[in-house]
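Now for the letters of each chain:
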Amino acid sequence: MSNSQIKNGILEGGSGKQGTQQERFEKVRTLVRPDSSQACVELASEVAALIRERQAESKNVVLGLATGSTPVPFYRELIRLHKEEGLTFSNVITFNLDEYYGLTRDHPESYFRFMHDQLFDYVDIPAEQIHIPDGTVAMEDVYDSCLEYERKIEAAGGLDLQILGIGRTGHIGFNEPGSAADSVTRMITLDRVTRQDAAADFLGVANVPRSAITMGVGTILKARRIVLMAWGSNKSEIVREAVEGEMTDRVSASFLQSHQNAVFLVDKAASSHLTRFRFPWLVGPVDWSADMMSRAVVWLSNKMGKPILKLVDEDYNEAGAGELLASTSEVAYQVNIDAFNRVQHTISGWPGGKPGADDTNRPERSTPHPKRVLVLSPEPADVFIGMGGTLDRLKEQGHDVTLVFQTSGNLRVGDAAALNFARVVLEMGEENKGEGWSVQREYAESIINALREKGEFGSDPELVRRLKGMILRGETRDAGSDCRLDADEIRFLDLPFYEKGRYRRFQPANEDRAGIAEILEEIRPDIIFATGDAGDPSSNQSICFQLFAEAFGSESAGPWRKNCNVWLYRGRDQAYEAHEIEMAVPMSPDQLGQKVGAIRKFMSTDDDDVSSPARNQEIASKYNDLGLAEYEAIEAFRKWSC
Ligand code: F6R
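Residues numbered from 1 in each chain as written. Predicted model: local features only at pLDDT ≥ 70, side-chain atom pairs only at ≥ 80, totals over all residues. Heavy atoms only, no water.

**Considerations on the overall build of the chain**
Phase 1: The secondary structure content of the chain amounts to 22 helices and 17 strands.
Phase 2: Taken over C-alpha atoms, the radius of gyration comes to 26 Å for the chain, in line with the 26 Å a tight globule of 642 residues would show.
Phase 3: Referenced to the eigenvectors of the C-alpha coordinate spread, the extents of the chain come out at roughly 85 × 75 × 45 Å.
Phase 4: By sequence separation, contacts in the chain at least 24 residues apart represent 75% of the contacts at least 6 residues apart.
Phase 5: Treating the 72 positive side-chain charges of the chain as one cloud and the 98 negative ones as another, the clouds have centres 1 Å apart. (Helix = DSSP H or I, 4+ residues; strand = E, 2+ residues; numbered from the N terminus. Rg over C-alpha atoms; globule rule 2.2 N^0.38 Å. Contact = heavy atoms within 4.5 Å. Lys, Arg positive; Asp, Glu negative; His and termini not counted. Charge placed at Lys NZ, Arg CZ, Asp CG, Glu CD.)

**Things to note about the side chain of Arg570**
Phase 1: With respect to the helices and strands, Arg570 occurs in the loop between strand E15 (565–569) and strand E16 (583–587).
Phase 2: Despite being buried, Arg570 has no salt bridge partner; Asp533 is the closest side chain of opposite charge, sitting 4.2 Å away.
Phase 3: Here Gln574 takes part through its backbone oxygen, which lies 2.8 Å from a polar atom of the side chain of Arg570.
Phase 4: Leave out the neighbours within four places in its chain, and Arg570 touches Ser233, Gly386, Thr531, Asp533, Ala534, Ala575 and Tyr576. (Buried < 20%, exposed > 50% of the residue type's maximum accessible area, 1.4 Å probe, protein only. Salt bridge = Lys/Arg side-chain N within 4 Å of Asp/Glu carboxyl O. Polar contact = N/O pair within 3.5 Å; in protein donor to acceptor, adjacent residues only side chain to side chain.)

**Overview of the pattern of salt bridges**
Phase 1: With the rule as written, the count across this model stands at 38 salt bridges.
Phase 2: Residue Arg502 pairs with Glu109 through a salt bridge whose shortest N-O separation is 3.0 Å. Taken as a pair, Arg502 in the loop between helix H18 (496–500) and helix H19 (510–523) and Glu109 in the loop between strand E4 (98–100) and helix H3 (111–118) lie far apart in primary sequence, 393 residues in all.
Phase 3: The buried category is assigned to Glu109, whose relative accessible area is 6%.
Phase 4: The partner of Arg224 in a salt bridge is Asp160, and the shortest N-O contact between them spans 2.9 Å. Of this pair, Arg224 sits in the loop between helix H6 (217–221) and strand E9 (225–230) while Asp160 sits in the loop between helix H4 (142–155) and strand E6 (161–164); the two residues are 64 residues apart in sequence, bridging distant segments of the chain.
Phase 5: Take Arg224: its relative accessible area is 42%, and that puts it in the partly exposed class.
Phase 6: Each of Glu109, Arg113, Asp117, Arg502 and Arg505 takes part in one network of salt bridges that share partners.

**Concerning the sheet that holds strand E7 (residues 186–189)**
Phase 1: Strand order in the open sheet formed by three strands is E4-E8-E7, and the pairing between neighbours is antiparallel. Each end of this open sheet is capped by a strand with a single partner; those strands are E4 and E7. The average angle at which neighbouring strand axes cross in this sheet is 25°, direction not considered. (Pairing = 2+ DSSP bridges. Axes fitted to C-alpha atoms, helices over the stretch in contact; angles between N-to-C directions.)

**Notes on the packing of aromatic side chains**
Phase 1: On inspection of all chains with the given rule, the structure shows 25 aromatic pairs.
Phase 2: A centroid spacing of 5.9 Å and a plane angle of 20° characterise the contact between Tyr111 and Phe174, whose relative ring orientation is stacked. Pair noted here: Tyr111 is in helix H3 and Phe174 is in the loop between E6 and E7, with a separation of 63 residues, a long-range link. By the burial criterion, Tyr111 is buried, and Phe174 matches it.
Phase 3: Taken together, a centroid distance of 5.5 Å and an interplanar angle of 70° make the contact between Tyr503 and Phe506 edge-to-face. Comparing Tyr503 with Phe506, the two get one shared label, buried. (Phe/Tyr/Trp six-rings, centres within 6.5 Å; stacked < 30°, edge-to-face > 60°.)

**Section: the packing of helix H21 (residues 589–600) against helix H22 (residues 612–625)**
Angle between the axes and distance between the axes are the two parameters that describe a pair of packed helices.
Phase 1: Where H21 meets H22, the axes come as close as 10 Å, and the angle between the chain directions of the two elements is 155°. Classified by the interaxial angle, the pair formed by H21 and H22 is roughly antiparallel. Read as a crossing pair, H21 and H22 show a hand that is right-handed. Counted together, Leu592, Lys595, Val596 and Ile599 of H21 and Ser612, Pro613, Asn616 and Gln617 of H22 form the full contact between these two elements.
Phase 2: Its residues assigned to classes, the contact of H21 with H22 shows four nonpolar, three polar and one charged. (Parallel < 35°, antiparallel > 145°, perpendicular 65-115°, else oblique. Left-handed = near helix turned anticlockwise from the far one by under 90°. Nonpolar A, V, L, I, M, F, W, Y, C, P; charged D, E, K, R; others polar.)

**A closer look at the nonpolar core**
Phase 1: Residues Tyr316, Leu520, Ile528, Phe548, Phe552 and Tyr623 are the most contacted members of the largest nonpolar core, which totals 65 residues.
Phase 2: Two domains each donate at least three residues to this core, and these are domain 2 (282–344) and domain 3 (372–412 + 460–639). (Core = buried A, V, L, I, M, F, W, Y, C linked by side-chain atoms within 4.5 Å. Domains from an automatic or database assignment.)

**Here's the deal with the sheet that holds strand E17 (residues 633–640)**
Phase 1: The seven strands lie next to each other as E13-E12-E11-E14-E15-E17-E16, forming an open sheet whose pairing is mixed. Each having just a single partner strand, strand E13 (490–492) and E16 make up the two edges of the open sheet. In this sheet, neighbouring strand axes are inclined to one another by 25° on average, regardless of whether the strands run parallel or antiparallel.
Phase 2: Sheet analysis places strand E12 (residues 400–405) next to E13, joined by three bridges and oriented parallel. Bridged to Leu403 within E13 is Ile490.
Phase 3: Across the sheet, helix H14 (residues 380–396) is in contact with strand E11 (372–377), E12, strand E14 (527–530), E15, E16 and E17; its angle to E12 comes to roughly 175°.

**Focus: the confidence of the model for the chain**
Phase 1: Per-residue confidence for the chain gives a mean pLDDT of 93, with 96% of residues at or over 70.
Phase 2: Scored below 50 in pLDDT, residues 1–6 shows 15 contacts in the model against residues more than four places distant or in partner chains. (pLDDT = per-residue confidence, 0-100.)

**Some remarks on helix H2 (residues 72–85)**
Phase 1: Its 14 residues place the ends of H2 19 Å apart at the C-alpha level, agreeing with the 20 Å of an ideal helix rising 1.5 Å per residue.
Phase 2: Among the residues of H2, those classed as buried are Val72, Phe74, Tyr75, Glu77, Leu78, Ile79, Leu81 and His82.
Phase 3: Residues of H2 that are buried sit in contact with helix H1 (36–56), strand E2 (61–65), H3, E6 and E9.
Phase 4: Following H2 by one or two positions, Gly86 has its phi on the positive side, about 70°. (Expected span 1.5 Å × (residues − 1).)

**Re the site of the ligand**
Phase 1: Neighbouring the ligand are 15 residues, the closest being Thr70, His171, Gly173, Lys235 and Arg504.
Phase 2: In this structure, Ser69 approaches the ligand through a main-chain N or O atom, which is 2.9 Å from an oxygen atom.
Phase 3: For the ligand, the accessible surface in isolation is 400 Å², of which the surrounding protein chains cover 92%.
Phase 4: Its residues assigned to classes, the shell around the ligand shows four nonpolar, eight polar and three charged. (Near = heavy atom within 4 Å. Areas by Shrake-Rupley, 256 points an atom, 1.4 Å probe, with all protein chains shown as cover.)

**Considerations on the environment of Ser301**
Phase 1: Looking at where Ser301 falls in the secondary structure, it is placed in helix H10 (residues 290–304).
Phase 2: You can call Ser301 buried: its relative accessible area is 2%.
Phase 3: Taking the C-alpha atoms as reference points, Ser301 and Leu547, separated by 246 residues in sequence, lie 39 Å from one another.
Phase 4: A distance of 2.7 Å separates a polar side-chain atom of Ser301 from the backbone oxygen of Lys306.

Rendered as structure tokens:
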């Protein structure tokens, strides 16, 4: 790529890093941007420059493209550049990485459909320049068709630029663990984790295809340039493995380390496990604030397998953290005590503040009491997964709690639940043959017909979505009552972006912002609990958080906001690490059991997060390892400011 405009950019080339000491652990160039939109605007502008440069030379440009949530903001920006800045795709040839096996082109989750919905239908790319593996070829023809795909890439001149996302298994394309560095386009069996991650899109894991056709790792590595994008905290661990770990076929993205022109482009949340951010003292000089010190001590305690108060000077030196002691001219004993107290003070059984207590070392203030507490949950199960025990405590401690579900979550409800409900109504109609029942019977029949017509993969018509929403509301109220909440303390906003959309394709609008702003003004809370701040930006959780953040931060928000604390919890996203926690609410075995009971109330969905109680137990055992009291489980929170 000889383009002068993209010097010093994402596509600048070379395996070179920026040359800072901080990148010592990183084996491939890794660029961190504050958020996915900023990263995608930058990348799209460089890709546009490349397309234009090739146009000026009357040459084509061959792009390898990915699907999934990750590239969506990149495609949106390309569309904007086409519409508003005249970027033409007439000289662009594309090859997509993969396609589910067995899905026809018009299936709502086929990658053919996805690419057309997200990009091709909105730009002027000629249809014959688009290539996507065919998921419908007969099994006996798969081998030849894959070979043909490779030949077509070569005939086009090879890939100038390959765009990638990364799966939680470390896959690029659908190259699941075990894929060789020189693998080519072929059929592959999807990993369990990959199928689980696609479950929401397919309205249940059972509907997710078991295999796919994918370009090989070798096919990808032949591209002249590669950009792998990753957003959200759920990708942070696998990004670290791919960037800093050994090159291994257990993580196919790690093979990018061997490429001369590969770059990882990640947002802050996805970069958070890189050593330069997680353990900055290992890579260079740091500013030893109290927070940084306690992070380092927590890390040291983990590393040495010793409780904080048993660490000695030699431990600090041995682990390469001697600088910490030198910087404070303290002995380990004092540094340990300071760090221990900081962690100790995060523990509070009073998430809404303890009335009459001295607040100096408590995460939440004692006054006012009781507080108006607003708990936001993007979908019904999120709040119970993330803070079911804390919810119960807030109620028990007399606060005025309103639990607000931002979206109905109806896309997670299986057809079987709707069908069951309709059948019960029909049977009731049979038993009560009176006149009033004819309307109910008609309703039940139209539900049954609608389910039959749409088939297993079709989109639910509004009637069915509404019924599924009602079923979920019932379960939500049930779960709420396990946490002491009455039905009138639970509100459902049913934000329109969700009702009109599908997973990964939500388009929030002003009416959604207005919905959140209204509830904030109505409740004027003293405390808010929210989640989704570090999630995959296209997820429902992240969209709901952004909507909340915009409403909370808006000029028109009332004066109550100045005295309102916002606590973040983690639901489906990666759990907080010990050093990140600012409020740790302990749970007894009974409370944990109650939380499990609440999560189990979601019988109509197959996504109740059964591992969430185990995560709470894990946090408790980490605290215990640091030398703090041994609790059964802990729910963790961080304070947020806009
Ligand atoms: C899709 C693909 C996959 C995805 C990966 C991440 O064409 O090749 O490797 O990039 O599964 O998916 P998202 O972006 O949905 O997190």
